[in-house]
Amino acid sequence: MRALGLFCLLLIASPAFAADGEQRLLGVWKLESWYTEFKATGEKKRFYGDRPNGYLVFTPEKRILGLITGEQRKKPATEDCVAAFWSMVAYSGIYGVENDKWIMKVDVSWNESWTGTEQVRFFKVEGDALTVTSPWEPNANLPGSPETRGVLVWTKVKTPQ
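What you see is a predicted model; the values in this text were computed from it and never measured.

**Student:** Can you explain the layout of surface pockets? Please cite residues and give values.
**Tutor:** Reported here for the largest pocket is a volume of approximately 1,000 Å³. In terms of lining, the largest pocket is formed by 40 residues, of which the most central are Trp34, Val89, Trp114, Asn139 and Asn141. The set of elements that each furnish at least two residues to the lining of the largest pocket consists of strand S1 (27-38), strand S4 (63-69), strand S5 (88-98), strand S6 (101-109), strand S7 (118-126), strand S9 (137-138) and strand S10 (147-156). When residues in the lining of the largest pocket are grouped by element, the largest group, five residues, is from S10.

Structure follows, in structure tokens:
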């Protein structure tokens with residue numbers, strides 16, 4: 001009987017937890033750090049530098065917009081366009097929150113292989129800090145496609161008075 005009561009409580013509380021998660025995500029977040037972690041070794045690499053640039057925006061209409069650029073990017077000349085493409089991430093889509101994760105249906109992206117996909121991200125909000133972790137998955141951009149995940153830390157941008 002206790003188990004049934006606990007199950008019912010979790011069933012009732014789950015939508016409230018998701019709504020609370022959505023409320024805590026709303027607004028503008030500035031990127032503080034990003035590293036890629038390798039599952040097999042635990043190694044962490046900062047492919048976008050120690051201080052990448054970026055913003056993440058969650059709107060009340062459930063739209064997410066993200067833009068990240070590598071640290072100290074150079075203005076690209078013709079031959080540098082590929083490097084410029086690979087030193088950024090940009091996307092937008094509609095999101096929903098389920099417990100400690102959001103699921104985003106990407107409708108526009110810097111990389112068309114993301115457009116039309118669902119991207120899952122796990123998150124934790126502590127005060128003005130948002131930690132976002134991607135699921136473990138093969139990284140097609142690296143030799144041998146090792147399993148990696150991204151870990152990003154964002155800070156809430158205060159609304160100007």
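**Student:** Kindly report on the packing of aromatic side chains, identifying the contributing residues and their values.
**Tutor:** Considering all chains together, one arrives at six aromatic pairs under this definition. Aromatic side chains Trp110 and Trp114 sit 5.1 Å apart centroid to centroid with 80° between the ring planes, which places their arrangement in the edge-to-face category. Through successive ring pairs, a cluster of aromatic residues spans Phe58, Tyr95, Trp102 and Phe123.

**Student:** Can you lay out the pattern of salt bridges for me, pointing to particular residues and giving the numbers?
**Tutor:** Applying the stated rule across the entire model yields nine salt bridges. When the shortest N-O distance is used, the salt bridge between Asp20 and Arg24 registers 3.2 Å. Within this pair, Asp20 and its partner Arg24 are both found in helix H1 (residues 2-25), separated by four residues, close to a single helical turn. Since its relative accessible area comes to 27%, Arg24 is described here as partly exposed. Of the charged contacts, one joins Lys158 and Asp128 as a salt bridge, the two residues approaching to 2.4 Å between their closest N and O atoms. With a gap of 30 residues between them, Lys158 in the segment after S10 and Asp128 in the loop between S7 and strand S8 (129-133) connect regions that are remote in the sequence. A residue is classified by how much of its surface remains accessible, and Asp128, at 37% relative accessible area, is partly exposed.

Rules and cut-offs
- Residues numbered from 1 in each chain as written.
- Predicted model: local features only at pLDDT ≥ 70, side-chain atom pairs only at ≥ 80, totals over all residues.
- Heavy atoms only, no water.
- 1 Å grid on protein atoms, 1.4 Å probe; cavity = no way out; pocket = protein on both sides within 12 Å on 5 of 7 lines; lining within 4 Å.
- Points joined across faces, edges and corners; volume = space filled by probe spheres on them.
- Helix = DSSP H or I, 4+ residues; strand = E, 2+ residues; numbered from the N terminus.
- Phe/Tyr/Trp six-rings, centres within 6.5 Å; stacked < 30°, edge-to-face > 60°.
- Salt bridge = Lys/Arg side-chain N within 4 Å of Asp/Glu carboxyl O.
- Buried < 20%, exposed > 50% of the residue type's maximum accessible area, 1.4 Å probe, protein only.

By themselves, these figures tell us nothing about what the structure is for.
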